[in-house]
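Tertiary structure, described
Each chain, letter by letter, is given below.
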Amino acid sequence: LTIIEETVRLVKELRDEEIKISELPSDDKKTFELLQRGDTTGVFQLEGEGMRHYLKDLVPTEFEDIVAMISLYRPGTLETGMVPKYIARKHRKEKIIYLHPKLEPILKKTYGIMLYQEQLMEIARELAGFTFSEADTLRKAVGKKIKSLLFEQEENMVKGMVRNGIEPNKAKEIWRWFEPFARYGFNRSHAVCYALIGYRTAYLKAHYPEEFMAALFNSELGDIERIAFLVNEAKMAGVEILPPDINASVVIFAPEGKRIRFGVLAIKNVGEQITRNIIDERVRGGPFQSFTEFLSRIHHKDLNKKSLESLIKTGCFDSLGVERRQALENMEEILRYNTLVKKENGA
């Protein structure tokens, strides 16, 4: 939600476009193309490697596919092979057979697979005449695998189906569906909420990749390894990441045209206080004209050997003509000069 909010803010600030996140079209072609490619790094609930693989196989074409994939990509469903079965049925590679005509309207959207707890409850009501309360008791019994309660529910369910004209053997066969369901049955209303957030993040990534990726980077500022991973992902997606620059970077990652500029705060060993001090001084006194001027103007206690080395190694001073190796070899002299400047300024 923070990433969505930050992306919307950046789009407004940089493009002067107002995004009404609750009014996004649910059938956006560009969004589904992104999902079909498995380009889902940063997309809520859909970014895992296994999920990306299945999205490419599924080729989602509607919102319902996202709801289903979020429900399917769980330990129980993966163990029982439900994901490839669902994909095969979507692409009509496997025949869909309904054990009873009344099951079709309940299971049609999931290609004949009972996937959601709500479907289980609806089957109990439609085929066995259960009340809402009785259907919920059944859901709990199946979900929690309470043997005594399950046995009681099996009797009630089978008797109810027989009373409604379903043959005893067919009724027992339908009941047998319910037992493995305990391993993977998911709450549909929960999945829809997840899918909605997932779809919205995918939409923003598809239409505003620079702003979205900047927001994503900034949500992970404290995790250097994750940042490195995201930089590679952005490059593969065609979004250029500009290196940190002492006169161009701001505190955090920020879009710069069709590219994203590395934020100073994301550099290892460079803390928030010194970062803000550098940016504030640049805003107040203008761009730094040379490395010596930088050292003369920044008097913060956190400008030390570690932070200076990190700034130099990442190329922050390249635009000022600083040769990285030379600067690192002369670090002791640089530190002596900076210490002298700090004393003169009472820092």
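Scroll up for the structure.
Residues numbered from 1 in each chain as written. Predicted model: local features only at pLDDT ≥ 70, side-chain atom pairs only at ≥ 80, totals over all residues. Heavy atoms only, no water.

1. Examining unusual backbone geometry
Where we set the bar: Helical segments are the DSSP runs of H or I of at least four residues, strand segments are the runs of E of at least two, and each set is numbered from the N terminus.
With a phi close to 60°, D16 is a non-glycine residue in the positive phi region. By secondary structure assignment, the location of D16 is in the loop between α1 (2-15) and α2 (29-37). The phi angle at Q45 is positive, at roughly 70°, despite the residue not being glycine. Considering the arrangement of structural elements, one finds Q45 in the loop between α2 and α3 (49-58).

2. Quick look at the environment of I278
The cut-off we apply is this: Residue contacts are counted whenever heavy atoms from the two residues lie within 4.5 Å of one another.
In this structure, I278 sits in helix α15 (residues 272-285). Ignoring anything within four residues of it in the chain, the contact list for I278 reads I246, F288, F294, I298 and L311.

3. Remarks on the environment of A214
Secondary-structure assignment places A214 in helix α13 (residues 209-219). Each C-alpha atom, one on A214 and one on A254, is 5.7 Å from the other, the two residues being 40 residues apart in sequence. Setting aside its immediate chain neighbours within four residues, A214 contacts L10, F253, A254, P255 and I260.

4. Quick look at the sheet that holds strand β2 (residues 254-256)
We count it as follows: What makes two strands pair is DSSP finding at least two bridges between them.
A sheet is described by the order of its strands in space; here three strands give the open sequence β1-β3-β2, paired in mixed fashion. Edge positions in the open sheet fall to β1 (241-242) and β2, since each of these has one partner strand only. Here β2 pairs with strand β3 (residues 259-261) via three bridges, running antiparallel. When the bridges of β3 are listed, P255 appears paired with I260.

5. Here we look at the packing of aromatic side chains
To keep it simple, the criterion reads: Working definition: a ring pair exists when centres of Phe, Tyr or Trp rings (six-membered ring for Trp) sit within 6.5 Å. Plane angles under 30 degrees give stacked, over 60 give edge-to-face, the rest tilted. Throughout, exposure labels follow a simple rule: accessible area from a 1.4 Å probe, protein chains only, divided by the maximum for the residue type, with under 20% read as buried, over 50% as exposed, and the rest as partly exposed. Charge over a ring is defined by NZ of Lys or CZ of Arg lying within 6 Å of the ring centre and within 35 degrees of the ring normal.
Going through the model one piece at a time under the given rule, you end up with 11 aromatic pairs. Ring centres 5.1 Å apart and planes at 70° place the aromatic pair Y86 and Y111 in the edge-to-face group. Residue Y86 is located in helix α6 (residues 82-90), and its partner Y111 is located in the loop between α7 (104-107) and α8 (117-128); the two are separated by 25 residues in the primary sequence. Across this residue pair, the class does not change: Y86 and Y111 are buried. Relative to F253, the ring of F217 has its centre 4.5 Å away and its plane inclined at 20°; by these criteria the two rings are stacked. One end of the pair, F217, is in helix α13; the other, F253, is in the loop between β1 and β2, and 36 residues separate them in sequence. In this structure F217 comes out as buried when scored by relative accessible area, which is 0%. F253 sits in the buried class, given a relative accessible area of 1%. Taken together, the ring pairs in this structure connect F288, F291, F294 and F317 into an aromatic cluster. When the ring centre of Y116 is taken as origin, the NZ or CZ atom of R188, which lies over that ring, is 5.5 Å away.

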